[in-house]
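# Secondary and tertiary structure notes
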Amino acid sequence: MEGENKRISEGKLLYDPLFDKKPDVKISDDPTKGFFGKAIIKKAAFVVMLLIFVFISMFFSFNSIAKDLFAFKDNGDGTFMLDEYHGGNRNVLTIDYVRSEENIPDATKPVTSVRRFAVCCDESVNFIFIGKDVTEIDSKSFYTCKNLYAVIVDAENENFISSDGVLYKCVDGMPTELVLYPIDNGEYRTALAMGVKTPASAEDVPAFLAEIKPLIEAEKNAQPDEDGKMTKNEFDLRFDEIGTKYAIAETVTAVGELGFAYADRLQQISIPEKLQQIGNLGFFKCHQLQAIYLPDGLVSIGSDAFTECRGLTDLFIPASVETIGHHAFHKCDNVPVVRMAVSEEEAKEMELGQNWLPQQRKVLMKDIGVAYNDAREVH
């Protein structure tokens with residue numbers, strides 16, 4: 001009891017390990033370090049270090065703001081790669097030749113490739129025009145350009161093709177791999193259906209934007225809902241018919257990495273029978289996707305391919321599938337059970353990534369079950 005009641009001597013400070021409360025530490029002289037041990041010197045050194053840190057932060061911030069419009073790399077064979085693009089508030093990007101800061105092309109310096117993340121997260125660009133010489137576009141070149149309507153490819157390009165603004169790789173003029181479905185492509189296709197003309201070049205884009213804006217914002221054509229409230233204009237109604245649906249070209253055998261990523265207004269996607277591969281994050285965060293048909297002949301499903309496709313209520317995996325990446329159906333938590341054409345023993349022979357099954361939102365980290373030897377419902 002005597003030890004418990006012993007008072008702490010005056011001047012001592014407490015350290016409470018439970019709440020990690022440490023005593024204040026004051027800067028004071030340290031006679032063992034001579035001149036450098038003086039409190040005033042310590043304070044001055046701290047202020048200098050703080051000023052250096054602020055200067056460095058301002059330097060890098062200024063550099064990030066003052067970046068050039070374009071950055072190109074010489075491929076060493078007379079061609080160039082678009083390495084970086086900082087468009088600011090520009091809504092059109094043309095990738096054909098090395099361009100000056102005034103956006104003037106040099107026809108003697110063709111661009112043949114686009115680096116990964118070169119146009120990353122640009123929120124202003126609405127249209128990207130691809131020149132005839134481009135042979136390589138990384139799957140993350142146009143990552144999350146969330147206001148992008150369309151990618152339009154020069155008719156002379158033998159490596160890529162665009163259909164209604166959707167970018168495909170092609171062989172002999174036939175699309176073989178879906179590279180990019182622009183996030184706002186539904187609005188673009190709806191506008192085309194309503195008579196707005198496709199811009200043939202960058203010079204035509206202002207006219208397109210001038211036509212589509214009043215269609216999207218129009219209230220004079222609004223239609224009443226069941227309660228008599230005017231909730232949707234003509235564009236919205238047409239969008240429900242056109243923009244929420246997309247059919248992949250029948251000749252396509254692969255959906256590339258991030259092909260449909262963040263296309264969260266799509267509700268129906270028609271998959272061709274020839275599809276063999278779905279790349280990593282192929283349908284990432286397509287939140288409203290209501291159903292997906294995985295055809296017989298599909299071989300691989302990439303990691304996070306359908307992550308957060310929470311609108312899915314049915315999932316059937318055909319016997320042809322050999323590989324499913326990690327978290328392939330992560331947070332597809334409205335799927336009651338995953339139906340597989342193979343037996344449980346056959347499933348064990350597949351290459352299955354970690355946590356590939358969906359997980360229920362309400363029951364933390366609980367996998368949704370699998371129904372083996374199941375049959376496909378009528379497609």
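Residues numbered from 1 in each chain as written. Predicted model: local features only at pLDDT ≥ 70, side-chain atom pairs only at ≥ 80, totals over all residues. Heavy atoms only, no water.

### Quick look at the pattern of salt bridges
Here the structure, examined in full by the defined rule, presents 13 salt bridges. For Glu257, the salt bridge identified is with Lys140, shortest N-O distance 2.8 Å. Placement of the pair is Glu257 in the loop between strand E15 (254-255) and strand E16 (268-270) and Lys140 in the loop between strand E7 (136-137) and strand E8 (150-153), with a sequence separation of 117 residues. Linking Arg238 and Glu241 is a salt bridge whose minimum nitrogen-to-oxygen distance equals 3.8 Å. Placement of the pair is Arg238 and Glu241 together in helix H5 (residues 234-242), with a separation of three residues, close to one helical turn. Because the salt bridges share partners, they merge into one network encompassing Asp314, Arg339 and Asp374. (Salt bridge = Lys/Arg side-chain N within 4 Å of Asp/Glu carboxyl O. Helix = DSSP H or I, 4+ residues; strand = E, 2+ residues; numbered from the N terminus.)

### Considerations on the sheet that holds strand E9 (residues 160-163)
Strand order across the open sheet formed by eight strands is E9-E10-E11-E15-E17-E18-E20-E22, with mixed pairing between neighbours. Each end of this open sheet is capped by a strand with a single partner; those strands are E9 and strand E22 (351-352). In this structure, E15 lies alongside strand E17 (residues 277-278), joined through two bridges in parallel fashion. Looking across to E17, one finds that Ala254 is bridged to Gln277. (Pairing = 2+ DSSP bridges.)

### Brief notes about the confidence of the model for the chain
Summing up the model confidence of the chain, the mean pLDDT is 87 and the portion of residues at 70 or higher is 78%. Here residues 4-21 is modelled with pLDDT under 50, and outside its nearest four sequence neighbours on either side it reaches nine contacts, counting other chains as well. Below a pLDDT of 50 lies the segment residues 59-66, which in the model reaches zero contacts outside its immediate sequence neighbourhood of four places, other chains included. (pLDDT = per-residue confidence, 0-100. Contact = heavy atoms within 4.5 Å.)

### Structural notes on the environment of Glu345
The residue Glu345 is located in helix H6 (residues 344-348) in this model. Placed 27 residues apart in sequence, Glu345 and Tyr372 show a C-alpha to C-alpha distance of 9.4 Å.

### Some points on a negative patch on the surface
Side chains of Glu344, Glu345, Glu346 and Glu349 sit close together on the surface and give a patch of like negative charge. Tracing the backbone shows Glu349 in the loop between H6 and E22. (Patch = residues over 30% accessible without salt bridge, like charges linked within 9 Å, V, L, I, M, F, W, Y side chains within 5 Å. Areas by Shrake-Rupley, 256 points an atom, 1.4 Å probe, with all protein chains shown as cover. Lys, Arg positive; Asp, Glu negative; His and termini not counted. Charge placed at Lys NZ, Arg CZ, Asp CG, Glu CD.)

### Some remarks on the pairing of strand E5 (residues 105-114)
As paired strands, strand E2 (residues 80-85) and E5 are joined by three bridges and run parallel to one another. Residue Met81 lies in a different strand from E5, and its bridge partner there is Ser113. Taken together, the three bridges between strand E4 (residues 97-99) and E5 define a ladder with antiparallel strand orientation. Among the inter-strand pairings, Arg99 is bridged to a residue of E5, identified as Pro105.

### A word on the packing of aromatic side chains
Scanning the model with the defined rule gives 18 aromatic pairs in all. Ring centres of Phe283 and Phe306 lie 4.9 Å apart, and the angle between their planes is 5 degrees; on these two criteria the pair is classed as stacked. Residue Phe283 is found in the loop between E17 and strand E18 (300-301), and its partner Phe306 is found in the loop between E18 and strand E19 (315-317); the two are separated by 23 residues along the sequence. A relative accessible area of 0% places Phe283 in the buried class. Overall, the relative accessible area of 0% leaves Phe306 in the buried class. (Phe/Tyr/Trp six-rings, centres within 6.5 Å; stacked < 30°, edge-to-face > 60°. Buried < 20%, exposed > 50% of the residue type's maximum accessible area, 1.4 Å probe, protein only.)

### Looking at a nonpolar patch on the surface
A surface patch of nonpolar side chains, amounting to about 280 Å² of accessible area, comprises Val48, Met49 and Ile52. Relative to the assigned elements, Val48 resides in helix H2 (residues 39-65).

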